[in-house]
Amino acid sequence: MRKVIGIGETVLDIIFRDDLKSGLLQPPVAAIPGGSVFNAMISLGRCGVPAVMISEAGDDRIGRFVVDFLTENGVDASRVASFPGTRSPLSLAFLDKNNEADYLFYKDHPHDRLDFDYPEICPNDIVIIGSYYAVNPVIRRHVSGLLERARAAEAIIYYDVNYRSAHKGDTVRIGPNLIENLEYADIVRGSREDFENLYRKSDPDAVYKADISFYCRNFICTDGPHPVQLRAANNIRETYPVGAESKPVSTIGAGDNFNAGLIYGLIKYGITREKLAEGLNADQWADLIWSGQRFSENACKDIYNYVSRDFAGRMKLETEALEGDLFAHTEG
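All figures in this text were calculated on a predicted structure; none of them were measured in a lab. (Residues numbered from 1 in each chain as written. Predicted model: local features only at pLDDT ≥ 70, side-chain atom pairs only at ≥ 80, totals over all residues. Heavy atoms only, no water.)

Asks: Even after reading the chapter, I still don't get the environment of I271, so can you show me in this structure?
Replies: Inspection of the secondary structure puts I271 in the loop between α7 (254-268) and α8 (273-278). Given the relative accessible area of 2%, I271 is considered buried. Distance in space between the C-alpha atoms of I271 and Y199 is 31 Å, their sequence separation being 72 residues. Excluding residues within four positions of it along the chain, I271 makes contact with R2, I156, L266, L276, L280, Q284 and L288. (Helix = DSSP H or I, 4+ residues; strand = E, 2+ residues; numbered from the N terminus. Buried < 20%, exposed > 50% of the residue type's maximum accessible area, 1.4 Å probe, protein only. Contact = heavy atoms within 4.5 Å.)

Below you can see the structure in the form of structure tokens.
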């Protein structure tokens with residue numbers, strides 16, 4: 001069966017809502033496990049997709065909760081390391097009146113560590129990397145090792161840039177790692193904000209032409225409630241409107257779940273690495289983007305960072321209703 005392997009950080013997201021009237025910080029409305037790749041893996045695990053998470057967790061109550069949460073949601077957590085005496089990182093998310101989030105992160109990145117055995121990677125499996133974790137020099141050899149094995153196995157590599165403003169000062173230092181990730185990737189996705197932080201550019205065409213296309217031909221740029229932009233092989237250039245949904249409850253997991261939905265679509269529609277290399281047609285890309293938007297919209301309907309269990313159940317039924325084993329490896 002095709003599986004998804006994710007490498008990324010685990011954090012505890014503590015979520016606040018701004019109280020503009022009083023100007024006082026109100027008690028948090030939720031405290032839930034999170035992390036860019038982590039959120040996508042939880043949603044995929046809930047949808048019945050075989051999923052393996054590579055990460056580290058604190059040697060504390062929160063870390064044990066994070067590992068248990070992965071397992072309870074169908075994600076293999078056997079490669080989540082925990083080092084004696086370490087504390088779990090925290091992310092404070094402040095939702096404004098539009099439920100857009102601003103963040104404060106409490107994590108000691110220079111002391112990040114990893115210790116894991118590489119999972120088996122098969123042709124057309126999907127490896128997802130993202131966020132600062134994917135470019136962090138301290139753990140670079142582990143990320144590079146995974147990418148090298150994925151490429152050798154002819155797996156699909158999906159790179160979510162997800163570069164926060166907190167790391168603007170690190171762009172020169174992480175530049176070589178960023179370029180290497182782009183070179184390995186079969187699909188690159190990022191938000192307008194990511195590219196403003198990295199390149200001081202917000203126009204998708206300018207970003208694609210100057211910074212992405214030389215390394216990876218398939219590029220997706222999301223921009224909150226604004227249309228999704230696609231620039232892909234075979235000179236495909238498409239714009240996809242975002243559905244006129246009701247006001248989101250939280251946008252914290254929007255991009256992460258777009259990733260999960262698009263990856264789910266790769267499996268559901270039988271998109272292999274060979275097909276990506278040949279270049280997908282406009283209809284195939286439309287199906288994938290729609291799948292990403294479905295997951296993202298659902299995740300925004302609640303305070304949590306993942307698709308709901310009801311939605312995940314429908315995804316399972318949807319897949320089972322299709323003919324054939326769509327989660328089986330496809331030979332080209």
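Asks: Can you help me understand unusual backbone geometry in this one?
Replies: Of all residues except glycine, most have a negative phi; of all peptide bonds, most are trans. Residues other than glycine seldom take positive phi values, yet E154 does so here, at roughly 65°. Tracing the chain through its elements places E154 in the loop between α3 (140-152) and β9 (156-160). The residue R200 is not glycine, and still its phi comes out positive at about 60°. Within the secondary structure layout, R200 lies in the loop between α5 (192-199) and α6 (204-212). Note on R200: relative accessible area 80%, which makes it exposed.

Asks: Mind showing me how you'd approach the pairing of strand β6 (residues 90-95) here?
Replies: Within a regular beta strand, the side chains point alternately toward one face of the sheet and then the other, so they alternate between its two faces. The element β6 is largely enclosed, with a buried count of five among its six residues. Here six bridges tie strand β2 (residues 11-17) to β6, and the two strands are oriented parallel to one another. Looking at the pairing, L12 lines up with L90 of β6. Between β6 and strand β7 (residues 101-106), which pair antiparallel one after the other, the connecting turn spans five residues, and N99 there sits at a positive phi close to 65°. (Pairing = 2+ DSSP bridges.)

Asks: Is there a simple way to explain the packing of aromatic side chains in this structure?
Replies: Describing an aromatic ring pair means giving the distance of the ring centres and the angle of the ring planes. One pass over the full model with this rule turns up 12 aromatic pairs. Where F195 meets F219, the ring centres are 5.4 Å apart and the plane angle is 65°; that geometry is what we call edge-to-face. Residue F195 is located in helix α5, and its partner F219 is located in strand β11 (residues 219-223); the two are separated by 24 residues in the primary sequence. Residue classification places F219 among the buried residues on the basis of a relative accessible area of 1%. Summarising the aromatic geometry, the rings of F295 and F311 are spaced 5.1 Å apart at their centres and angled 85° between planes, so their arrangement reads as edge-to-face. (Phe/Tyr/Trp six-rings, centres within 6.5 Å; stacked < 30°, edge-to-face > 60°.)

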